[in-house]
Amino acid sequence: MTAAPSDPDHQIDAASAMVGLPIAAAWRPGVWQFLVVARQMTDILEAVPLADDDLALAPVFRLPRPTGNDADA
Amino acid sequence: MLDLATDPLGPVISAGDIARAVLDGRVSARAVAEATLARIAQLNPMLNAFTDITADRALREADAIDSALARGTVVGPLAGVPVAVKNLVDVAGLPTRAGSRINRDLPPATTDATLLRRLNRAGAVLVGALNMGEFAYDFTGENAHDGPCRNPHDPGRMSGGSSSGCGVATAAGLAPISLGSDTNGSLRVPASLCGVFSLKPTYGRLSRAGTFPFVDSLDHLGPFARSARDLALAYDAMQGPDPADHACAGDAPEPALPDLARGIAGLRIGCPTGWIARQAGGEARAASDRAAAGMADAGAVLRDIDLDGAEAGRAAAYLITNSESAAFHLDRLRSRSNEFDPDTRDRFLAGALLPAAWIARAQRVRRWWLDQALAVFRDVDLLVLPATPCPAPVLGARTLTLDGTDLPLRPSLGILAQPFSCIGLPVVTVPVFAPGSLPLGVQIVAPPWCEARALQAASVLCDAGLAAAHPPPPTPTVPSPGNGG
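Values in this document were obtained by computation on a predicted structure and should not be read as measured data. (Residues numbered from 1 in each chain as written. Chains lettered and ligands numbered in written order. Predicted model: local features only at pLDDT ≥ 70, side-chain atom pairs only at ≥ 80, totals over all residues.)

Engineer: Help me get a handle on the overall build of chain A, residues and values and all.
Structural biologist: When helices and strands are tallied, chain A shows three helices and zero strands. Mapped from its N terminus to its C terminus, chain A presents α and β elements in the order α-α-α. Looking at chain A residue by residue over its 73 residues, the buried ones come to 16%. (Helix = DSSP H or I, 4+ residues; strand = E, 2+ residues; numbered from the N terminus. Buried ≥ 20, exposed ≤ 12 C-beta atoms within 10 Å, placed from the backbone.)

As C-alpha cells, then:
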C-alpha cells in the first residue's frame, strides 16, 4: 500500500497556513528537502503489514499518585 | 602523594583509578581537579568541547571531598573523578542552553539535574557543561552559535552529535566521564567518531529530570567513558527511581559492576545482515566483524540474523522525532525562527508540516518493530553491529554515500543507531580501531533491561584489547584549510 506521491510545495503552502507557521522564501529549499525525506520515510512505513490490533502507541499518559496532602483533602 | 609533575593522573587514566588514588590518599581531589582544569584550558580553545567551565565549583567540590576524607567520612566510588555534562543538563547557576541561542535567555537553573546530583553524591566533581548540536537535533557536532566541536583525532573532522562535547571531552582526557543524551543516536554517534565508550540504557532506566527535552517519547540519558568498567561505575551511580521523570520506570538499581567480569561464554551473538549491513561502509563492517570475532574467541556463538525490520523502525524514528520535536518547539518556531541554527531550523519547520496520519502510523510501526526485535532476541542474547556507517566526515560535509546512494548527511549519519533508540533497547558502544587511525564504534545491543549483559560483552572486548579508547594525538594540530567549520 503506497500513498499517492505528495508535492512538497503544496504541502508547505497548505500546512504552513493551517499551522500558522510562515516559511520564509530563503528557508523553503531546506524545508522542501526535509519534506522529501519525510515522504520517503512514510513510504517505508506504508509497506509494513500492520494488523488492526497493532496499536500500542508509544506515548504514555501516566497519572500521578496522590500526595499526602491530596489524600487528606 | 603522587608527583603531578610527571602527570600520573594524566589524560588517559580511568575514572576508577582516579577514585582509587583519591580514596587511598595518593593524590588529592583538588590536585586532580586542578590538573583537569589545566588540560581544559590548554585544549578547549582548539577542540571547543566546553561551553561553560565550572572551575570554582570544581575546586569547591574537590575540597569538600578532601575534607570529607580527612574527617574519615565515607566518600563514594567516584571520589574526585572529574565529570562534565552536555549543556542540556541543568547545572545550578547556568542557563540550560541545549545548544541553542534562544535558551540563553532562560533564567539560570536553580538546581542540578537528578543525574548530576547522583554523580556528585558518588564523589564526582563537575568541571563544566559541554557543547552540543542545537536542541539535540544533530549527528554532526556542528553548531552555528558555539562553533563546531572538533574531533580530537583530527580537528578538521566532525565529532558526531548531538552529544558532541561529551565525546570530545572524554576522548581528549578532559573528563573521564561525561553525561550525554540519546534520542536517535546522540550517545553512540559521538562515541563512534571520537573513539570512546558510551551506554544508552533502556528507555526509562535513568532519570531525565532536570534536562531540556528533545523528543520526550525517545529521549534517554547515559554516560560516556574510556572503558567498560568506567561506564558501569558511572551507570551504577546514576540508577534509581525518580518520580520527577514520568518515563522513569521506578525500578530498584540493578548494579552492573559486580558481575562485569562474568564473561560471555555460551551467549548467542546475532550479526545482522541485509539492510543493516548495507548501510555500513567497509571500515565499519570490519570493525563490527572484529568485535564479533573477539566475542567468539571468548566462547560466544555467532549467528547471522535478518533484522530488516530495522529499516521501518528507523523510518518511524525519523518521523516521530521530526513531528514531536517540531510540536514542542512550535511557539519558538513561530516567534524566533531566525534565531535557530539554520541546519536545525529547516528540519524543525518541516516537522511541523507533517500529516497526523503519518505520525500515527509511525507509532504503530514502532510497536511492530519492537515485536520484530523481541522475536530476534528469542534466538540471540546480544546483537553486534556498527555504530556509524563510516569514520568521522570532514567538517562541513553535506552528503553521505550509503549503499551506492548519495544521501543528506545530517539525517543519515545515525542511520544505524536510530532503530534501537526508537524501541528503547540498551546499547553499549565500544571503540574498535587501531591507534593512529580514525575511530569507529561498534554497538552491542541487548534486550530491554539487560544493560549488564551488554557491559559484560564490552568488558570482554576491553580485556582482549579489541575495544580501547586509544588516545588522540597529544596536541591536536590546526585543521588544514578547506576542512570547514
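Read on for the rest.
Engineer: Break down the overall build of chain B for me, with residues and values.
Structural biologist: Of the regular secondary structure elements, chain B holds 16 helices and 15 strands. For 485 residues, the compact-globule estimate of 2.2 N^0.38 gives 23 Å, and chain B sits close to it at 21 Å. Along the first, second and third principal axes, the C-alpha set of chain B runs to 60 × 60 × 50 Å. Residues counted as buried form 62% of the 485 residues belonging to chain B. (Rg over C-alpha atoms; globule rule 2.2 N^0.38 Å.)

Engineer: Could you give me a rundown of the interface of chain A and chain B, with the residues and numbers involved?
Structural biologist: Contacts between the two partners involve 29 residues from chain A and, on the opposite side, 30 residues from chain B. Put simply, the parts of the chain that give the side of chain A that touches chain B at least two residues each are helix 1 (8–19) and helix 2 (28–46) of chain A. Of the residues forming the side of chain A that touches chain B, the biggest block, eleven residues, is contributed by helix 2 of chain A. The residue inventory of the side of chain A that touches chain B, partitioned by class, reads 21 nonpolar, six polar and two charged. (Contact = placed C-beta atoms within 7 Å. Nonpolar A, V, L, I, M, F, W, Y, C, P; charged D, E, K, R; others polar.)

Engineer: Which residues make up the nonpolar core, and what values do they have?
Structural biologist: Val 83, Ile 444 and Ala 458 of chain B are the most contacted members of the largest nonpolar core, which has 171 residues in total. Per-element accounting of this core gives the leading share, nine residues, to helix 10 (residues 309–328) of chain B. (Core = buried A, V, L, I, M, F, W, Y, C linked by C-beta atoms within 7 Å.)

Engineer: Account for the environment of Ala 19 of chain B, naming residues and giving values.
Structural biologist: Residue and element names in this part refer to chain B. Topologically, Ala 19 is positioned in helix 1 (residues 15–23). With 26 C-beta atoms counted inside 10 Å, the residue Ala 19 sits in the buried group. Among residues more than four places away in sequence, those in contact with Ala 19 are Pro 77, Leu 78, Ala 79, Gly 80, Val 81 and Gly 123.

Engineer: Lay out the sheet that holds strand 8 (residues 220–225) of chain B with the relevant residues and their values.
Structural biologist: Residue and element names in this part refer to chain B. The eleven strands lie next to each other as 1-3-2-6-8-7-14-15-11-9-10, forming an open sheet whose pairing is mixed. Taken across any chain shown, the strands that pair with only one partner, and hence form the sheet edges, are strand 1 (50–53) and strand 10 (301–305). For this sheet, the mean inter-axis angle between neighbouring strands, taken without regard to orientation, is 25°. Here strand 7 (residues 197–200) pairs with strand 8 via two bridges, running antiparallel. The partner of Ser 198 across the bridge, within strand 8, is Phe 224. Across the sheet, helix 9 (residues 282–297) lies against strand 9 (268–272), strand 10, strand 11 (382–386), strand 14 (427–431) and strand 15 (441–445), angled at about 150° from strand 11, the strand it touches most. (Pairing = 2+ DSSP bridges. Axes fitted to C-alpha atoms, helices over the stretch in contact; angles between N-to-C directions.)

Engineer: Can you lay out the confidence of the model for chain B for me, pointing to particular residues and giving the numbers?
Structural biologist: Residue and element names in this part refer to chain B. Of all residues in chain B, 96% have pLDDT values of 70 or greater, and the mean over the chain is 94. A low-confidence stretch, residues 480–485 stays under pLDDT 50, and its non-local contacts, those more than four residues away or across chains, total eleven contacts. Across the predicted assembly, pTM comes out at 0.94 and ipTM at 0.88. (pLDDT = per-residue confidence, 0-100.)

Engineer: How would you sum up the pairing of strand 5 (residues 154–158) of chain B? Please name residues and give values.
Structural biologist: All names here are of chain B. Burial analysis of strand 5 places five of its five residues in the buried class, which makes it a mostly covered element. The sheet contact formed by strand 4 (residues 150–151) and strand 5 spans two bridges and is antiparallel. Across the sheet, Asn 151 pairs through a bridge with Asp 154, a residue of strand 5. Linking strand 4 to strand 5, which pair antiparallel, is a turn of two residues.

Engineer: Mind laying out unusual backbone geometry, listing which residues take part and the relevant values?
Structural biologist: Residue and element names in this part refer to chain B. Of note, the amide linkage connecting Gly 161 to Ser 162 takes the cis form, showing an omega dihedral of 10°. The backbone phi angle of Phe 135 is positive, close to 50°, even though this residue is not glycine. On the basis of neighbour counts, which here come to 26 C-beta atoms within 10 Å, the residue Phe 135 falls in the buried class. In this structure, Trp 449 takes a positive phi of about 70° despite not being glycine. With respect to the element layout, Trp 449 can be found in the loop between strand 15 and helix 16 (451–463). Note on Trp 449: 17 C-beta atoms within 10 Å, which makes it partly exposed.

Engineer: How would you sum up the packing of helix 2 of chain A against helix 12 (residues 342–351) of chain B? Please name residues and give values.
Structural biologist: Put simply, helix 2 of chain A and helix 12 of chain B touch, their axes get as near as 8 Å, and they point 55° apart. By the angle class used here, helix 2 of chain A and helix 12 of chain B are oblique. The element helix 2 of chain A and its partner helix 12 of chain B pack so that their crossing is right-handed. Contacts from Gly 30, Val 31, Phe 34, Leu 35 and Ala 38 of chain A of helix 2 of chain A reach helix 12 of chain B at Asp 346, Arg 347, Leu 349 and Ala 350 of chain B. (Parallel < 35°, antiparallel > 145°, perpendicular 65-115°, else oblique. Left-handed = near helix turned anticlockwise from the far one by under 90°.)

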